[in-house]
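Summary of the model geometry
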Amino acid sequence: FADVVYDSFVYQGGFIRNILIKPKGEGRFPTLFFIPGYTCSSIDNMGEDHPYEKFILELVKNGIAVCKTEKPGMGDCVGTVSCEDADLYQELAVFKESYNQLHLYDFVETNAIYIFGHSMGGVYAPLLDVNIQPKGIAVFGTVVRSWFEYFIEQMRVQRFIIGEDYLLNDSLFNTRASFYYNFMVEKKSPDELRKNSNFAQILTQHWNNSDSIYMSGRNYKFWQQLQDANIIMAWSKYGGEVLSMWGQGDFIAFSEYDHRLLAQIINKKTPGKATFISIPDIDHGFVRVNGMEDAVSKFRNYNYRLDNYNCAVAKNVIKWIKDRP
């Protein structure tokens, strides 16, 4: 039912792999530019059980072409900075360049290009500053306010959801808040933060950090640059349509408010341009769950996750695209 096009483009003297999946047949198709979450993993050969693969193929089966792009250093990429070392701006530049290549393909309907951002991809989407404005941007499980705010709320909201004691949380909160201010706002490095024994414990327990550079698999500057990216401002400048989706079982992008806020930002500028959808029974990874606590209990149950893909995000995106005139 589809053709797969392996292509590449030059980046920093090397090559970035991008992969396009198009429905069989001639003519031009509405096209979705897919931006995944923050982790350093390849978008090629993901396996038929991977939720991204199921999401993408559902769109293609419904007549929508999809473009997915490797992050630097992943998959077939050659001669680029590694994903772990890439900063926010380098990664944004890769996705921007890939998006700007779409008009070169004769099967892409350039007046019907959409962006879909999952998780961190939803942060990237309004920041790309591309040559041809997408007709619409759809996001699922993302962040809209500043990342300092997200991390502060994470220490309250998410820690409670995963079962941390309320009194213990309260006793630790001021230290945690101070850590994030020093890290995100004051821009202190892991080496500087480790001089404080309480901060050193946070780096180890919450960030898997044991060296001077990497935090949760990315260069620490990547996280700090997120604080400087004015996401609300970027969204306010966007003039196309928006679909903001939030999963009621998503304890990672836990803020329903952020997703509603996104729709409000767009609609205040151009009423009716944005739609907010709250999706029941789905977690951050497109898995069917019964609320956030259930999602926590099944988060590391690999077999359950393979067998319980929830297609609601794909269904909503397909309907949204087909409803656009």
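Scoring rules and cut-offs
Residues numbered from 1 in each chain as written. Predicted model: local features only at pLDDT ≥ 70, side-chain atom pairs only at ≥ 80, totals over all residues. Heavy atoms only, no water. Phe/Tyr/Trp six-rings, centres within 6.5 Å; stacked < 30°, edge-to-face > 60°. Helix = DSSP H or I, 4+ residues; strand = E, 2+ residues; numbered from the N terminus. Buried < 20%, exposed > 50% of the residue type's maximum accessible area, 1.4 Å probe, protein only. Lys NZ or Arg CZ within 6 Å of the ring centre and 35° of its normal. Patch = residues over 30% accessible without salt bridge, like charges linked within 9 Å, V, L, I, M, F, W, Y side chains within 5 Å. Areas by Shrake-Rupley, 256 points an atom, 1.4 Å probe, with all protein chains shown as cover. Salt bridge = Lys/Arg side-chain N within 4 Å of Asp/Glu carboxyl O. Polar contact = N/O pair within 3.5 Å; in protein donor to acceptor, adjacent residues only side chain to side chain. Contact = heavy atoms within 4.5 Å. Pairing = 2+ DSSP bridges. Axes fitted to C-alpha atoms, helices over the stretch in contact; angles between N-to-C directions. Disulfide = S-S within 2.5 Å. Parallel < 35°, antiparallel > 145°, perpendicular 65-115°, else oblique. Nonpolar A, V, L, I, M, F, W, Y, C, P; charged D, E, K, R; others polar.

What to know about the packing of aromatic side chains
As enumerated under the stated definition, the model contains 32 aromatic pairs in all. Pairing Phe55 with Phe286 gives two aromatic rings, centres 6.0 Å apart and planes at 50 degrees, and the pair type is tilted. Of this pair, Phe55 sits in helix H1 (residues 51-61) while Phe286 sits in the loop between strand S10 (274-279) and helix H11 (292-297), and the two are 231 residues apart along the sequence. Here Trp235 and Tyr238 contribute two aromatic rings whose centre-to-centre distance is 6.3 Å and whose plane-to-plane angle is 80 degrees, an arrangement assigned as edge-to-face. Here the two residues Trp235 and Tyr238 agree in accessibility, since each one is buried. Joined through ring pairs, the aromatic side chains of Tyr38, Trp147, Tyr150, Phe151, Phe179, Tyr180, Phe183, Phe199, Trp207, Phe222, Trp223 and Phe254 make up one cluster. Just above the ring of Phe107 sits the side chain of Lys22; from NZ or CZ to the centre is 5.8 Å. In this structure, Arg218 packs its charged tip against the face of Phe222, placed 4.1 Å from the ring centre.

A short note on a nonpolar patch on the surface
Taken together, the side chains of Val10, Phe15 and Val78 define a hydrophobic patch exposed on the protein surface, amounting to about 280 Å² of accessible area. Among the structural elements, Phe15 can be located in strand S2 (residues 14-23). Take Phe15: its relative accessible area is 43%, and that puts it in the partly exposed class.

Let's talk about the side chain of Asp283
As for its position among the elements, Asp283 is in the loop between S10 and H11. Residue classification places Asp283 among the buried residues on the basis of a relative accessible area of 2%. A polar side-chain atom of Asp283 sits 2.9 Å from the main-chain amide nitrogen of Val287. Excluding its chain neighbours within four sequence positions, the residues that come into contact with Asp283 are Phe140, Gly249, Asp250, Val289, Ala295 and Arg305.

Notes on the sheet that holds strand S1 (residues 2-11)
Taken in spatial order, the eight strands make up an open sheet running S1-S2-S4-S3-S5-S6-S9-S10, and their pairing is mixed. Each edge of the sheet is formed by a strand with only one pairing partner; in this case those strands are S1 and S10. Mean inter-strand twist for the sheet, computed between neighbouring axes without regard to direction, equals 20 degrees. As paired elements, strand S9 (residues 241-247) and S10 share six bridges and run parallel to each other. By the bridge assignment, Trp246 is partnered in S10 with Ser278.

Re the side chain of Asp258
The residue Asp258 is located in helix H10 (residues 256-269) in this model. In this structure Asp258 comes out as buried when scored by relative accessible area, which is 4%. For Asp258, the side chain forms a polar contact with the side chain of Arg145, separated by 2.5 Å. Excluding residues within four positions of it along the chain, Asp258 makes contact with Val143, Val144 and Arg145.

Some thoughts on the state of the cysteines
This model, assessed by the stated rule, comprises one disulfide. Left without a disulfide partner, Cys77 is nearest to the cysteine sulfur of Cys83, which lies 9.5 Å away. Here Cys77 falls in the buried class, since its relative accessible area comes to 12%.

Thoughts on the packing of helix H5 (residues 166-185) against helix H7 (residues 197-207)
Between H5 and H7, the least distance of the axes is 10 Å, while the angle of their chain directions is 85 degrees. Relative to H7, the element H5 lies roughly perpendicular. From H5, Thr175, Arg176, Ser178, Phe179, Tyr180, Asn182 and Phe183 reach across to H7, where they touch Asn198, Phe199, Ile202, Leu203, His206 and Trp207. For the contact of H5 with H7, a count of residues per class yields seven nonpolar, five polar and one charged.

Function-wise, these values are silent; they only describe arrangement.
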